[in-house]
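Reading the structure
One letter stands for each residue in the lines below.
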Amino acid sequence: MNASMSAPRKLRVATTSLAGCFGCHMSFLDIDERILKLLDLIEFDRSPLTDIKYCGPCDLGLIEGGLCNAENVHVLREFRKNCKILVAVGACAINGGLPAQRNHLDLRDVLEEVYQTEPGLSHGGVPNDPELPLPLNKVHPIHEVVKVDYFLPGCPPPADAIWKFLTDLLAGRTPTLGHGLLHYD
Amino acid sequence: MNTTSTFNLDSEDIPFTPGQTIMQAATAHGTYIPHLCWHPDFSAHGSCKLCTVKVNGRFGSSCTIEAQPGMEVENRTTELDDKRRTLVQMLFVEGNHFCPSCEKSGNCALQATAYELNMMSPHFDMFYPDRPVDASHPDILLDFNRCIMCALCVAASRDVDGKNIFSMGGRGLLGRRVHISSESGKLGDTDFAVTDRAASICPVGVIVPKRKGFAVPIGQRTYDLAPISKQVKETMP
């Protein structure tokens, strides 16, 4: 009954890296000791930091990386289904980024060159284990597949930008970055 | 006699001399109007439409409309910046603007303008067009992935260098592109020189010098130091 007697519910946050390099997660960890302040306000659900395998109902989902294979799409849809607010973090989630540099090449040509014809590589054949997710013909940013609520650009976004974004959001403000924190590289 | 007339731009009186466009007068006054294809050294091209303002309630390109006494001009309104952001987003999805690997990053007018307009995402679906680079010239690389069709290289090569090396050609969203005047279509087969005006005119990262990438560290590049709106100059590189 008395709201001041009980601590406010911690917001549940899930994070994942799809076709990314985990650089955005590393930059997230670069908020350093501020993560302790953050942990007063949030708790992690599915994330590489918790090793929880499936996303439960969450307030906030942070997606690093774009979509380069079928599993990426499944995970993204799982996040969209469970997260009230979904955020595209970093260049790859926002515009495809480095993985999308293969988009002007034919996928079969790329696989054959890497696994069969390029001198100096092992020529073991294109992997076809049924457990491997199938690559998509093109790499896509996540907003082409699900609705995305916020975008946090950068390669990676600087820790200060991630901190500003999260503290704005947790305080109920519209996140704004401004000069110095908003950059695409 | 009254020799200086003024017009009103976002509640600020901007002086002008007869014949000046709204863009020229605002730039001389140090007031920023977003733009990409306009350059103070060249005649207006009027193609990017980023400098669209509202003159007495109607939309128009500030780089082509002559200033008139008493004009009421809206510039940095939410309505206009929203439209400008959409135009920039369309440019981003029509090319391959991969900032993390671009030598021009931090010094790029397209990128800085997108920052100025608070562009957080490309919004639209990406095209990922196939635009091969031209590395045939010994000193200059042409990376057409980053081209925004501003045609400043066309003007510089024609009007200053007198070489007519660049021209716009083709039709349609992805068909239109810059052509090179040599028979092979390669820059290496022209008399283009690194000292040409056209070699330094590109506002984005298409015409870039070889062996000079990433010379200035992140944090010290042109638009790291201040936003593009705070760096209004009458002379530009």
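Residues numbered from 1 in each chain as written. Chains lettered and ligands numbered in written order. Predicted model: local features only at pLDDT ≥ 70, side-chain atom pairs only at ≥ 80, totals over all residues.

1. Section: the overall build of chain B
For the record, the criterion: By the criteria applied, helices consist of DSSP H or I runs no shorter than four residues and strands consist of E runs no shorter than two, each listed in order from the N terminus. Throughout, radius of gyration means the C-alpha value; the globule benchmark is 2.2 Å times the number of residues raised to the power 0.38. Exposure in this text rests on C-beta crowding, where 20 or more other C-beta atoms within 10 Å of a residue's own make it buried, 12 or fewer make it exposed, and counts in between make it partly exposed. The C-beta atoms are placed from the backbone. Contacts are defined on C-beta atoms placed from the backbone: any two residues whose C-beta positions lie within 7 Å are in contact.
Secondary structure assignment for chain B yields five helices and nine strands. Mapped in sequence order, the helices and strands of chain B form the string β-β-α-β-β-β-α-α-β-α-β-β-β-α. Taken over C-alpha atoms, the radius of gyration comes to 18 Å for chain B, in line with the 18 Å a tight globule of 237 residues would show. The buried share among the 237 residues of chain B stands at 41%. A sequence separation of at least 24 residues applies to 65% of the contacts in chain B between residues at least 6 apart.

2. Regarding the overall build of chain A
Counting secondary structure elements, chain A contains six helices and seven strands. Ordering the α and β elements of chain A from the N terminus gives β-α-α-β-β-β-α-β-α-α-β-β-α. Its C-alpha atoms give chain A principal-axis dimensions of about 70 × 40 × 30 Å. In chain A, which comprises 185 residues, the proportion classed as buried is 37%.

3. Considerations on the confidence of the model for chain B
To keep it simple, the criterion reads: For every residue, the predictor assigns a confidence score, pLDDT, that lies between 0 and 100.
Residues of chain B with pLDDT of at least 70 account for 97%, and the chain-wide mean is 95. We note a pTM of 0.95 for the whole complex and an ipTM of 0.93 for its interfaces.

4. Observations regarding the nonpolar core
If you look at soluble globular proteins, the nonpolar side chains tend to sit buried side by side. Rule in force here: By convention the nonpolar core is taken to be a set of buried residues drawn from Ala, Val, Leu, Ile, Met, Phe, Trp, Tyr and Cys and joined through C-beta atoms within 7 Å. Each domain's extent is set by a domain assignment, obtained either automatically or from a database.
Core analysis: the biggest nonpolar cluster contains 104 residues, and A:I63, A:A88 and B:C153 have the highest contact counts within it. Looking at which domains feed residues into this core, each of domain 1 (5-76) and domain 2 (100-213 + 220-225) of chain B gives three or more. If we skip the residues at most four places from it in the chain, A:A88 touches A:I63, A:A93, A:I94, A:I142, A:H143, A:V148, A:F151, A:L152 and B:S121.

5. Concerning the interface of chain B and chain A
In plain terms, the rule: For this classification, the nonpolar set comprises Ala, Val, Leu, Ile, Met, Phe, Trp, Tyr, Cys and Pro, the charged set comprises Asp, Glu, Lys and Arg, and every other residue, Gly included, is treated as polar.
At the interface, 14 residues of chain B touch 20 residues of chain A. For the side of chain B that touches chain A, the class distribution of residues is nine nonpolar, three polar and two charged.

6. Quick notes on the sheet that holds strand β3 (residues 52-55) of chain B
Residues and elements named next belong to chain B. Threshold: The rule for pairing is simple: two strands pair if DSSP sees at least two bridges between them. In this analysis, axes come from line fits to C-alpha atoms, helices being fitted only over the stretch in contact, and the angle between any two N-to-C directions falls in the range 0 to 180 degrees.
The strand order β2-β1-β5-β3-β4 describes an open sheet built from five strands, whose pairing is mixed. A strand with exactly one partner marks an edge of an open sheet, and here the two such strands are β2 (12-16) and β4 (58-61). For this sheet, the mean inter-axis angle between neighbouring strands, taken without regard to orientation, is 40 degrees.

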